[in-house]
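Here is what each chain is made of, one letter per residue.
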Amino acid sequence: AAALLPFLCCLSSAAAGKLLVVPMEGSHWLSMKMVLNELSRRGHEVTVVAPESRLLIDSSTTYTLKTYPAPVTKEKFEELVRIFGEETFSEKPFLIRFYNTWQNFKKSSEIFKTSCEALLYNKELMKYIEESNFDAVFTDPLSPCGQIIALRFSIPSIFFLRGVPCAIDIRAAQSPDPPSYVPRMFSLNTDHMTFPQRVKNLLISLAEPFLCNSVFLPFESLASEFLQKPVTITDLLSHGSIWLKRMDFIFEYPTPVMPNMVQIGGINCGQKKALSQ
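Residues numbered from 1 in each chain as written. Predicted model: local features only at pLDDT ≥ 70, side-chain atom pairs only at ≥ 80, totals over all residues. Heavy atoms only, no water.

Where an unreviewed UniProt entry is consulted, the chain appears under the name glucuronosyltransferase, with the organism given as Nothoprocta pentlandii. In the Subcellular location (unreviewed entry) part of its UniProt record, the chain is described as follows: "Membrane". Database annotation for the chain, UniProt heading Sequence similarities (unreviewed entry): "Belongs to the UDP-glycosyltransferase family." (UniProt positions renumbered as here; feature names shortened; annotations may be inferred.)

Next comes the structure, spelled out in C-alpha cells:
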C-alpha cells in the first residue's frame, strides 16, 4: 500500500478524478491492475481502453473496459511473449543476444504500433475520450500510444514503467546519465567499472540512438501523422508529468533521478507476513 501513495497523492480521494488508462499488454498489465483496483476503491472513475484481441487485460467491476477492433491476434501476443522469455534466459554470446533482442523489439514495436493506429483512428472512441474530460492519462510509455492521446487532447500523463530501452526515458525526463557510471543495458557491468568496462559502456551508449531509432520509428511516424507535426519518441515522452518507476535502489544500481520520478519497486510483489523479532 505504501508504494501506491506517491500516485494516490495526485488523485486524492477527497476529490475523485477520472482516469483514462492505456495499458501495455503482457506482464506490464498485472502490476498496473493493482494500482487501478486501489484507485477505484478510493472512489476514482477508471476507464481502460484495450484491443478486442488481448492476452491478459481483462474486464473488472473496479473499472470500465472499452475495447476496439485491431488487426492483431491473441496468437501474435502469445508468440511475442514466448520469444522474449526465451531470450531472457539465453546464454548465447553477447552480440547474438544483443542482435536478437533488437530484432524482437522491432517486431513488438510494429505490433503495438498497429494496435495503436487502430485506436487513434477509431472515431467513436476518440470522440468519447475528447468529451469525457479525463483528469489524467495513466499509461506505460514503452508503448507510447497513451502519450499520443494525452498530447492530442492536452491531458496530463502519468507513466508507469520499469524502463525504456536505450535510456530514452532518462533522456526524455532530462536526467543525467553518464556512461562512465550508469551501466548500459546488456553490458553486464556494475556501477563500479574498470577502464575497459567503461569503454564498453560508452560504445554501447553511442550505438543506442541508432538501434532504438529504428525500433521506435513506426511510433514516431504514426505520432507525427496523428498530431500533424514532426515528433520523436523522446519528444513524446518529455511531456510526462509523473514517472512511476517499478524499481528500487535496494536492488538496482544507483542512478540520478529527477524530482518527478518516483520509485515504486516491489509493487508487484506478494504481501508476506512480517518477520518475527
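### Some thoughts on helix 6 (residues 145-152)
Counting buried positions along helix 6 gives 6 out of 8 residues, so the element sits mostly inside the fold. Those residues of helix 6 not exposed but buried are Cys145, Gly146, Gln147, Ile148, Ile149 and Ala150. Within two residues after helix 6, Ser154 carries a phi angle of roughly 55 degrees, on the positive side. (Buried < 20%, exposed > 50% of the residue type's maximum accessible area, 1.4 Å probe, protein only. Helix = DSSP H or I, 4+ residues; strand = E, 2+ residues; numbered from the N terminus.)

### Structural notes on the state of the cysteines
Defined simply, a disulfide is a covalent bond joining two cysteines at their sulfur atoms. Evaluated as defined, the whole model comprises 2 disulfides. Covalent S-S linkage joins Cys116 and Cys145, the inter-sulfur distance amounting to 2.2 Å. One quick way to see it: the torsion about the S-S bond of Cys116 and Cys145 is about 90 degrees, and its sign makes the bridge right-handed. Separated by 29 residues along the polypeptide, Cys116 in helix 4 (residues 94-120) and Cys145 in helix 6 bring together distant segments of the chain. No difference in accessibility class separates Cys116 from Cys145, as the two residues are buried. For Cys166, the disulfide goes to Cys212, at an S-S distance of 1.9 Å. On the sign convention where negative is left-handed, the bridge of Cys166 and Cys212, at about 75 degrees about the S-S bond, is right-handed. One end of the pair, Cys166, is in the loop between strand 5 (157-161) and helix 7 (168-172); the other, Cys212, is in helix 8 (residues 195-227), and 46 residues separate them in sequence. You'll find Cys166 and Cys212 in the same group, each marked buried. (Disulfide = S-S within 2.5 Å.)

### Some remarks on the packing of helix 4 against helix 6
As a packed pair, helix 4 and helix 6 sit with axes 10 Å apart at the nearest point and diverge in direction by 30 degrees. Comparing their axes, helix 6 and helix 4 come out roughly parallel. In this structure, helix 4 meets helix 6 at a crossing whose hand is right-handed. The segment helix 4 lies against helix 6, with Cys116, Leu119 and Leu120 engaging Cys145, Ile148 and Ile149. (Axes fitted to C-alpha atoms, helices over the stretch in contact; angles between N-to-C directions. Parallel < 35°, antiparallel > 145°, perpendicular 65-115°, else oblique. Left-handed = near helix turned anticlockwise from the far one by under 90°. Contact = heavy atoms within 4.5 Å.)

### Examining the side chain of His28
Positionally, His28 belongs in helix 2 (residues 27-41). Here Asp140 takes part through its side chain, which lies 2.8 Å from a polar atom of the side chain of His28. Discounting residues that sit within four places of it in the chain, His28 has contacts with Asp140, Leu142, Phe160 and Arg246. (Polar contact = N/O pair within 3.5 Å; in protein donor to acceptor, adjacent residues only side chain to side chain.)

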